[in-house]
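The residues making up each chain are set out below.
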Amino acid sequence: MAVVDVHRFAESITCHAWSPDHSMVALCPNNTEVHIYKSLSLDQWERLHVLQKHDQIVSGIDWSSKSNKIVSVSHDRNSYVWSMEGGEWVPTLVILRLNRAALCVQWSPKENKFAVGSGAKTVCICYYEQENNWWVSKLIRKRHESSVTSVAWHPNNILLATTSTDGKCRVFSTFIKGVDTKDSKAGSPAETKFGEQILQLDLSYSWAFGVKWSPSGNTLAYVGHSSMIYFVDDVGPSPLAQSVAFRDLPLRDVLFISEKMVIGVGYDSNPMVFAADDTGIWSFIRYIGEKKAASSNSSYSSQFSEAFGKFYGSQSKSATASDASESRGRVHDNCINSIVPLSKAGSPKVMRFSTSGLDGKVAIWDLENMEQELGNQF
């Protein structure tokens, strides 16, 4: 079993992020607050702070690994950057200029910018102005046809990938003069203008959720609501794209644990492993935590049996759910909506990661003992 620790913090969790040393976790218990907990032991957590500034549900949190700052966004259309001063977290308002909810947020690799996706079909690229001592934003407008559900920074700190409920994945340039430095190489991302669309992928025919870059930035992965995951190599004018369909419930988020292996999490409540073979072809491998690889037919049957039990009575439901849980090694009881790496930035492999979901749990997973089981791609 790869799981190290599971703790239930609330009835439901919308998002979570870790401190630089991974000793504290910031999470939103599906309300207007951000709670910060510190680990005392493997199964004991102490709540240290409650950050109260938002007026509606907090939809995104990210904790910078270098500057130790927390950025939060909310359905109230606002964003705050929290800094530790005198033992307390002090908020600084970020002017987003949105007329719809802010849905997601992520610091850039150099932490001199962060990106906010919104229900206003807009992406805000926020940066700090030393002269005025505040955070300002530049907006990427009129590119998305619907809400921006996820953002992901390329390792070069310039390119930004987004997914949207219009079913598309896009890549933009976020180069800002005075904030980013130009590369001497011709044709580098720094040669592009702010907001320029580098790529648009129309692979999904349904809502798109969750997007990530591989550690090298050579591969892009994102998921669709139609139980599909998409992999894109050679991001640029002539990308190479693959679609992998599976017979289980849709995914909500993804994470590269190496160049050739991806963890997907979502409505099936159990992390799924996808890997590329020596020829670069991606496929579903297994669930994490199950005793043996489950075939698509058996997993589909267990889902049907569980749904059948729910419809016809609690006795049938408890039996089928128990069997399914045992066969899958399921840790979460509801949809997993976020997956966060627990490794140093820039590391070629992610050995530990955490997941949170609508069951109010945060689970920490360790792949150290699963390297042989997961195969050479790991």
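These numbers come from a predicted model, not from an experiment.

Parameters and conventions
Residues numbered from 1 in each chain as written. Predicted model: local features only at pLDDT ≥ 70, side-chain atom pairs only at ≥ 80, totals over all residues. Heavy atoms only, no water. Helix = DSSP H or I, 4+ residues; strand = E, 2+ residues; numbered from the N terminus. Polar contact = N/O pair within 3.5 Å; in protein donor to acceptor, adjacent residues only side chain to side chain. Contact = heavy atoms within 4.5 Å. Pairing = 2+ DSSP bridges. Axes fitted to C-alpha atoms, helices over the stretch in contact; angles between N-to-C directions. UniProt positions renumbered as here; feature names shortened; annotations may be inferred.

The next point concerns the side chain of histidine 35. Along the chain, histidine 35 turns up in strand E4 (residues 33–39). One polar contact links histidine 35 to arginine 47, side chain to side chain, over a distance of 3.5 Å. Aside from chain neighbours lying at most four places away, what touches histidine 35 is Val25, Ala26, Leu27, Pro29, Arg47, His49 and Val50.

If you trace the four strands from one edge of the open sheet to the other, you get E18-E19-E20-E21, paired in antiparallel fashion. Each edge of the open sheet is held by one strand with a lone partner, namely strand E18 (208–213) and strand E21 (240–245). The sheet shows a mean angle of 20° between the axes of neighbouring strands, taken without regard to direction. Relative to E21, strand E20 (residues 228–233) is paired through six bridges, and the arrangement is antiparallel. Within the sheet, the bridge partner assigned to tyrosine 230 lies in E21 and is serine 243.

When the UniProt feature table is mapped onto this chain, "repeat: WD" (unreviewed entry) is found at residues 51–92 and 141–173. For residues 141–173, the helix share is 0%, the strand share is 52%, and the end-to-end C-alpha distance is 13 Å.

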